[in-house]
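# Structural overview
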Amino acid sequence: MATITVERKPLSLLERTYIPNIVAGLTTTFKRMVKPTETLQYPEQRPAIPTGYRGVPTLVNDPHGREKCVSCQLCEFVCPPKAIRITPGEIANDDPNAHVEKRPKAFEIDMLRCIYCGLCQEVCPEEAIFLQNQYSMTGYTRAEMVNNKDRLYELGGTLPDQHYKWDKKKTAAEAASRGGHH
Amino acid sequence: MDFSLYFDLPLWFRLVLQGTIVILVLFPLAAACSMAERKISAWIQGRPGPNRTIPPFLAWIPGINIIRNLGLFQLAADGGKFTFKEDPVPGNVNKFYFILAPILSMIPALSTISFVPFGAYFTTLADGTKHLVPIMLARTDLGLLAVFAVSSLGVYSLILAGWASNSKYPFLGGVRASAQLISYELSMTLSILPVFLWVNAPGGEGTLSLFDVVQTQSQPGFLGGMWYIFLMPVSAFVFLVALFAETNRQPFDMPESESDLVGGFHTEYGAFKWSLFFVAEYAHMIVGSGIFCLLFLGGWNPLPWVSLGSFINLAAGVLPCVASPLFMGVIGITFFLLKVGFFIFFFMWVRWTLPRFRYDQVMNLGWKKLLPISIANLIFYAVAIAVKDLCFPNL
Ligand code: SF4
Ligand code: SF4
C-alpha cells in the first residue's frame, strides 16, 4: 500500500498568534466586500433559462392550431406522483380534426404533486406535452395550483412540428381510398 | 456666536439637556449599527443586503432609492416591529428578574458614555489665553476607572438573563458570560496601565481622565504628538482583543454562540426585550471603540502629530469661522466619530471573517496568553518609563 505520511510541521510562533491568518482572512473578506454582489434582483431581473430546462409541464398546439394531445393517457400512467388526470373525449365528425383519434375532454396537472421529472414529455407519443421555461407557480389555494386544460394550453402555446403525423395519415388514407386498394 | 443664553440656564437643566441629547444620539446609532452589521455581512457574502423596504407614500421622491438601498427604512420597520409585536414571557421563568435583565443591560451601556469625551473646543479665558475644553457629560478625573467600573456591571444583566430564563442554554450562556468577562477584564485593565504610567509623569497631578490622555497625544514634538498605538502597540493589541471579548463580539461571542447554545442568554427573549440586549451590545461597542480611539488613536486629533488645535489654527487661516467654539466642536466630534465608525466597521468585518473560538480556547487565550503578555508589557513600560525619566528627563 502506498501510504503517504504527511509530516505535520509544528506551528511557528507567528502562526500560533493567529495574526498572519487573521490578516489573510480579513483581506479575503475585504476583497469580497468591494466586489459587486452576485444577487439577482429577482422579480425585476429574471434568470437566463438554459436549454433543456424542465419547468412547468404544458400542453402544446401544432402550428395549424390543432391540439396535439390525443388523450392516450400514457403520461397519466407514467407520472410517478400521479399528478395528471385525463378524461378522454371523442372528436365530433364535423370537426376539421375529425381524422384524429381523440382529444382530452379534461386534462389536469396538479402542480402540488408534480415533481418536474419530465417523464410525461418523454413518454408522449404525440409530442404534445412539454416541460417549458415557466418556473414560478404560485397560488393562494390548492385548487389554484391545479392546471386545467385551458391553462395548460395557455402556458404551452404553439411549438413547431416536424411530422404533421395526422395530416399525413389523412392524405394517405384519402389516396388509398381513391386508389381503391388497401 | 454667543452662547450666553445657553449658559444662563440652570446647571441641572443643562446637564439633563446634554444627557438627553447624547442618549438620543447613542440609542439610534446603536440601532443603526444593527443595520450596518447586516449590510456589511451581506457585502462580504456577495449579497446586497436589506434594500427593499420603502413606505409607498415616499416612493415618488427622486433619489430616495439611495436611502432605500441602504436599508434605512428597513431599520425603521424593524424598530416598529420590535416595539409593537407580541412579547411573550415563557411560563417557567422568574418573571421579575427576567424583565429586569434587559433593563439592567441598558444602564451600563448608556451611562458609560458620560465619561467619554467626544471633542474639544477653545475657550478664551479672562486673561486672554486660550484653553482647551473637552465636550463630555461628566468631567471627572475618574475617567477610565469609572468607565471600567460601570461597564463591567453589564455582565450582571447577562447572568441575570441566563439565570432568570430557567432553561439550560441561557444558563450556560450566562455562566460563560461571567467567566469570560471576568477573565478578560484583567488583561484589559493591565494593558492600559502603561498608558497611564506614561500620562502621569512623576511629580505631576495624577489623573485617569480620558481627556488628559488625548491631551498628552496632542503635544508638539515627535514624542508628544505620537499616538499611543505607535508607542505601545502591544498594549493596543491586547486592549483590542480584550475589547472584542468584553463586548461579546465574534470570535469571542461565547455567551451567545448560536451554534451550540441556540442563542445563549437571550434564547428565551423576544420582541422589545431582545432588542434592548442588542442595542446594549452595540452601545458597548460604540463606547468601547470610542475609548480605544481616545487611548491609542489620539481621540479627536485628525492625524498623528497634527493636533486638533493646530489643525484648527491652520484652517482658520483659510476660513476664519472654523475657529469658533461651535465649529471646532463639530469638527472634533466628526474626526472622533470617523475613527469610532472605522472601529465599529472593523468589529463587524472581523465578525464576518473569523470563526468562533471554542470555550476552552477562549479561556486559554485569556489566561495563558493575554494575561502574561499584558503583565510583561506593563513591566517593560514601567522600566522603560523609569529609565526615560531618570536618564532623559527632558525628552
Ligand atoms: S399528453 Fe401525450 S401522453 Fe399524455 S395523453 Fe396526451 S398524447 Fe398521451
Ligand atoms: S413532470 Fe413528471 S411529475 Fe410532473 S406531470 Fe410530468 S410525469 Fe408527472
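This text goes with the structure placed above it.
Residues numbered from 1 in each chain as written. Chains lettered and ligands numbered in written order. Predicted model: local features only at pLDDT ≥ 70, side-chain atom pairs only at ≥ 80, totals over all residues. Heavy atoms only, no water.

### A look at the overall build of chain A
From N to C terminus, chain A includes 6 helices and 5 strands. Its C-alpha radius of gyration of 28 Å places chain A more than 25% over the 16 Å reference for a compact globule of 182 residues. Across its three principal directions, the C-alpha atoms of chain A cover 100 × 50 × 30 Å. For chain A, long-range pairs separated by at least 24 residues make up 70% of all intrachain contacts whose partners lie at least 6 apart in sequence. When the accessible surface of chain A is split by element, carbon and sulfur atoms take 55% of a total near 12700 Å². Taking the average place of the 24 positive charges on the side chains of chain A and the average place of its 22 negative ones, the gap between the two points comes to 8 Å. (Helix = DSSP H or I, 4+ residues; strand = E, 2+ residues; numbered from the N terminus. Rg over C-alpha atoms; globule rule 2.2 N^0.38 Å. Contact = heavy atoms within 4.5 Å. Areas by Shrake-Rupley, 256 points an atom, 1.4 Å probe, with all protein chains shown as cover. Lys, Arg positive; Asp, Glu negative; His and termini not counted. Charge placed at Lys NZ, Arg CZ, Asp CG, Glu CD.)

### A few points about the site of ligand 1
Around ligand 1 sit 13 residues, and of these A:Cys69, A:Cys72, A:Gln73, A:Cys75 and A:Cys124 come closest. Looking at the shell around ligand 1 residue by residue, the class counts come to 10 nonpolar, 2 polar and 1 charged. (Near = heavy atom within 4 Å. Nonpolar A, V, L, I, M, F, W, Y, C, P; charged D, E, K, R; others polar.)

### Brief notes about the pairing of strand S3 (residues 102-110) of chain A
A regular strand places its side chains on the two faces of the sheet in alternate fashion. Strand direction decides the pairing type here: strand S2 (residues 84-90) of chain A and S3(A), joined by 7 bridges, are antiparallel. Counted as the bridge partner of A:Glu90 is A:Lys102 from S3(A). (Pairing = 2+ DSSP bridges.)

### Let's talk about the sheet that holds strand S5 (residues 146-147) of chain A
The strands that make up a sheet are held in pairs by hydrogen bonds between backbone atoms, and each pair lies either parallel or antiparallel. Residues and elements named next belong to chain A. Across the sheet, which stays open at both edges, the 3 strands sit in the order S2-S3-S5 with antiparallel pairing between neighbours. Of all the strands in the sheet, the pair left with one neighbour each is S2 and S5. Seen against the sheet, helix H5 (residues 149-156) touches S3 and S5 and runs at an angle of roughly 85° to S3. (Axes fitted to C-alpha atoms, helices over the stretch in contact; angles between N-to-C directions.)

### A few points about the layout of surface pockets
Taken as a whole, the largest pocket spans an internal volume of roughly 1200 Å³. Looking at the largest pocket, it is lined by 35 residues, and the ones nearest its centre are B:Gln18, B:Phe118, B:Ile135, B:Met136 and B:Ile333. Elements with a contribution of two residues or more to the lining of the largest pocket: helix H1 (4-7), helix H2 (11-44), strand S1 (119-124), strand S2 (130-135), helix H13 (271-296) and helix H15 (325-351) of chain B. Looking at the lining of the largest pocket, the element that brings in the most residues is H2(B), giving 10 residues. Among the residues making up the lining of the largest pocket, the classes are represented as 29 nonpolar, 4 polar and 2 charged. Taken as a whole, the second largest pocket holds about 900 Å³ of empty space. Around the second largest pocket, the lining comprises 29 residues; the ones closest to its centre are A:Thr17, A:Tyr18, A:Ile19, A:Ile22 and B:Phe237. Take the lining of the second largest pocket: its biggest share by element is 6 residues, from helix H2 (residues 19-34) of chain A. For the lining of the second largest pocket, the residue count by class is 22 nonpolar, 3 polar and 4 charged. (1 Å grid on protein atoms, 1.4 Å probe; cavity = no way out; pocket = protein on both sides within 12 Å on 5 of 7 lines; lining within 4 Å. Points joined across faces, edges and corners; volume = space filled by probe spheres on them.)

### Quick notes on the pattern of salt bridges
With the rule as written, the count across this model stands at 15 salt bridges over all chains. When the shortest N-O distance is used, the salt bridge between A:Asp95 and A:Arg103 registers 3.4 Å. In this structure, B:Asp360 and B:Arg358 form a salt bridge, with 2.8 Å as the shortest nitrogen-oxygen distance. A relative accessible area of 38% places B:Asp360 in the partly exposed class. In this structure, a network of salt bridges that share partners links the residues A:Glu67, A:Asp95, A:Arg103 and A:Lys149. (Salt bridge = Lys/Arg side-chain N within 4 Å of Asp/Glu carboxyl O. Buried < 20%, exposed > 50% of the residue type's maximum accessible area, 1.4 Å probe, protein only.)

### Examining empty space enclosed by the protein
Residue and element names in this part refer to chain B. Within the structure shown, the criterion is met by 4 cavities of 30 Å³ or more. As a volume, the largest cavity reaches approximately 320 Å³. In this structure, the largest cavity is lined by 24 residues; those nearest its centre are Ser 151, Gly 154, Glu 246, Thr 247 and His 284. Of all the secondary-structure elements, those providing two or more residues to the lining of the largest cavity are helix H6 (144-151), helix H7 (154-164), helix H8 (168-199), helix H11 (233-246) and H13. Residues that form the lining of the largest cavity fall into these classes: 13 nonpolar, 9 polar and 2 charged.

### Structural notes on the environment of B:Leu371
Residue and element names in this part refer to chain B. Note that Leu 371 resides in helix H16 (residues 359-391). Given the relative accessible area of 14%, Leu 371 is considered buried. In this structure the C-alpha to C-alpha distance between Leu 371 and Glu 185, which are 186 residues apart in sequence, comes to 9.9 Å. If we ignore the near neighbours within four places in the chain, the residues touching Leu 371 are Leu 186, Ser 187, Leu 190 and Gly 366.

### A closer look at a nonpolar patch on the surface
Among the surface-exposed residues, B:Trp12, B:Phe13, B:Val16, B:Leu17, B:Ile21, B:Val25, B:Leu29 and B:Leu337 lie close enough to one another that they form a single nonpolar patch of about 740 Å² accessible area. Tallying contributions element by element places H2(B) first for the nonpolar patch, with 7 residues. (Patch = residues over 30% accessible without salt bridge, like charges linked within 9 Å, V, L, I, M, F, W, Y side chains within 5 Å.)

### Some details on the interface of chain B and chain A
If you look at the interface, chain B gives 18 residues, while chain A gives 15 residues. Roughly 1400 Å² of surface becomes buried between chain B and chain A when both sides are summed, with 69% attributable to carbon and sulfur atoms. Contact with chain A buries surface across chain B, with B:Ile44, B:Arg52 and B:Trp349 losing the most and accounting together for 33% of the total. Between chain B and chain A we count 1 salt bridge in total. The shortest N-O distance in the salt bridge between A:Glu44 and B:Arg52 comes to 3.0 Å. Viewed at the interface, chain A and chain B are joined by 6 residue pairs in polar contact (both at pLDDT 80 or more). Every element with two or more residues in the side of chain B that touches chain A is listed here: H2 and H15 of chain B. Broken down by element, the side of chain B that touches chain A gets its largest block of residues, 4 residues, from H15(B). Here the residues of the side of chain B that touches chain A are counted per class, giving 13 nonpolar, 3 polar and 2 charged. (Buried area = accessible area lost by both parts, 1.4 Å probe. Polar contact = N/O pair within 3.5 Å; in protein donor to acceptor, adjacent residues only side chain to side chain.)

### Concerning the packing of aromatic side chains
Residue and element names in this part refer to chain B. Scanning the entire structure with this criterion turns up 24 aromatic pairs over all chains. Geometrically, the ring pair formed by Phe 244 and Phe 346 is edge-to-face, given 6.1 Å between the ring centres and 75° between the ring planes. A residue pair is termed long-range when its members are at least 10 positions apart, and Phe 244 in helix H11 and Phe 346 in helix H15 qualify at 102 residues. With a centroid separation of 5.7 Å and an interplanar angle of 85°, the aromatic rings of Phe 342 and Phe 343 are classed as edge-to-face. A relative accessible area of 7% means that Phe 343 is categorised as buried. The side chain of Lys 81 reaches across the aromatic face of Phe 82, ending 4.9 Å from its centre. If you follow Arg 176 out to its NZ or CZ, it ends over the ring of Tyr 359, 5.2 Å from the centre. (Phe/Tyr/Trp six-rings, centres within 6.5 Å; stacked < 30°, edge-to-face > 60°. Lys NZ or Arg CZ within 6 Å of the ring centre and 35° of its normal.)

Function-wise, these values are silent; they only describe arrangement.
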